[in-house]
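As a plain string of letters, each chain reads:
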Amino acid sequence: ASLIGVVALVSVGLGFLAEWVWGYPLGFNPLIGTIGLIGVAVNDSITVLTALKEDPRTHQGDAQAIREVVMHATRHVLTTTMTTVLGFLPLILGGGAFWPPLAVAIAGGVMGATLLALYFVPAAYLLLVQRKSRRKVSFALAGNDDMKTISQPTGVTQ
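Summarised in this report is the structure supplied together with it. (Residues numbered from 1 in each chain as written. Predicted model: local features only at pLDDT ≥ 70, side-chain atom pairs only at ≥ 80, totals over all residues. Heavy atoms only, no water.)

Here's the deal with the overall build of the protein chain
- Helix and strand content of the protein chain: five helices and zero strands.
- Secondary structure elements in the protein chain, listed N-terminal to C-terminal, are α-α-α-α-α.
- Considering the protein chain as a whole, with its 158 residues, one finds that 37% of them fall into the buried category.
- Counting only carbon and sulfur atoms, one obtains 69% of the accessible surface of the protein chain, whose full area is about 9,700 Å². (Helix = DSSP H or I, 4+ residues; strand = E, 2+ residues; numbered from the N terminus. Buried < 20%, exposed > 50% of the residue type's maximum accessible area, 1.4 Å probe, protein only. Areas by Shrake-Rupley, 256 points an atom, 1.4 Å probe, with all protein chains shown as cover.)

Looking at the environment of Ile46
- For Ile46, the position within the fold is in helix H2 (residues 28-54).
- Residue classification places Ile46 among the partly exposed residues on the basis of a relative accessible area of 40%.
- Each C-alpha atom, one on Ile46 and one on Leu3, is 9.7 Å from the other, the two residues being 43 residues apart in sequence.

Remarks on helix H1 (residues 2-22)
- Taking 1.5 Å per residue, 21 residues should reach 30 Å; H1 reaches 31 Å between its end C-alpha atoms and fits that length.
- All of the buried residues in H1 are Leu3, Ile4, Val7, Ala8, Ser11, Leu14, Gly15, Ala18 and Glu19. In a view along the axis of H1, the buried residues occupy a sector of 155°, so they form one face of it. Opposite its buried face, H1 presents the exposed residues Ser2, Leu9 and Trp20, each directed more than 90 degrees away. (Expected span 1.5 Å × (residues − 1). Arc of directions from axis to C-beta.)

Notes on the nonpolar core
- Val48, Leu49, Leu52, Ile66, Val70, Val121 and Tyr125 are the most contacted members of the largest nonpolar core, which totals 24 residues.
- Secondary structure elements with two or more residues in this core: H1, H2, helix H3 (63-93) and helix H4 (99-141).
- Not counting residues up to four positions away in its chain, the partners in contact with Leu49 are Leu3, Ile4, Val121 and Tyr125.
- Val85, Ala103, Val104 and Ala107 belong to the second largest nonpolar core, which has six residues in total. (Core = buried A, V, L, I, M, F, W, Y, C linked by side-chain atoms within 4.5 Å. Contact = heavy atoms within 4.5 Å.)

Observations regarding the packing of H1 against H2
- At a minimum axis distance of 8 Å, the contact between H1 and H2 shows a crossing angle of 140°. By the angle between their directions, the pair H1 and H2 is classed as oblique. H2 is crossed by H1, and the crossing has right-handed handedness. Facing H1, whose interface residues are Leu3, Ile4, Val7, Ala8, Ser11, Val12, Gly15, Phe16 and Glu19, H2 presents Pro30, Leu31, Thr34, Leu37, Ile38, Ala41, Val42, Ser45, Ile46 and Leu49.
- Considering only residue class, the contact of H1 with H2 consists of 14 nonpolar, four polar and one charged. (Axes fitted to C-alpha atoms, helices over the stretch in contact; angles between N-to-C directions. Parallel < 35°, antiparallel > 145°, perpendicular 65-115°, else oblique. Left-handed = near helix turned anticlockwise from the far one by under 90°. Nonpolar A, V, L, I, M, F, W, Y, C, P; charged D, E, K, R; others polar.)

Considerations on the packing of aromatic side chains
- Tallied over the entire structure, the rule returns one aromatic pair.
- Here Phe98 and Trp99 contribute two aromatic rings whose centre-to-centre distance is 4.8 Å and whose plane-to-plane angle is 85°, an arrangement assigned as edge-to-face.
- Owing to a relative accessible area of 45%, Trp99 belongs among the partly exposed residues under this scheme. (Phe/Tyr/Trp six-rings, centres within 6.5 Å; stacked < 30°, edge-to-face > 60°.)

Put into structure tokens, the structure is as follows:
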């Protein structure tokens, strides 16, 4: 959940960055567009994270397995990105002061959020899985008597 929260917060910054790059002022419509952007960014990240959690090989921190799962999920994420950007392109190119800032916040932010979903989420997932496995190992090595008793064969004395 915290990983998805980080994606949501960073996507807000990506929406504001898109406004700045395109030269639009921050106003009500870009703020509304950013709220829509958060939904799409979270959806893309959840798609990748769900795919990672469904594959048992990724739970051991296998980087190759994570790469394969993300490559398979890329189609879904890129399809969402392309349809969103192409759908808002007429509003961006149409000009004016009302719709383009909203469309730029959503479309520009979604392009950046795609990079979050395809690069940041798998990398953060890998770090979290490795940290979790190190914690298990350090717990076992910390002298937990229950672990020694269970792993010692019956009838063997120390």
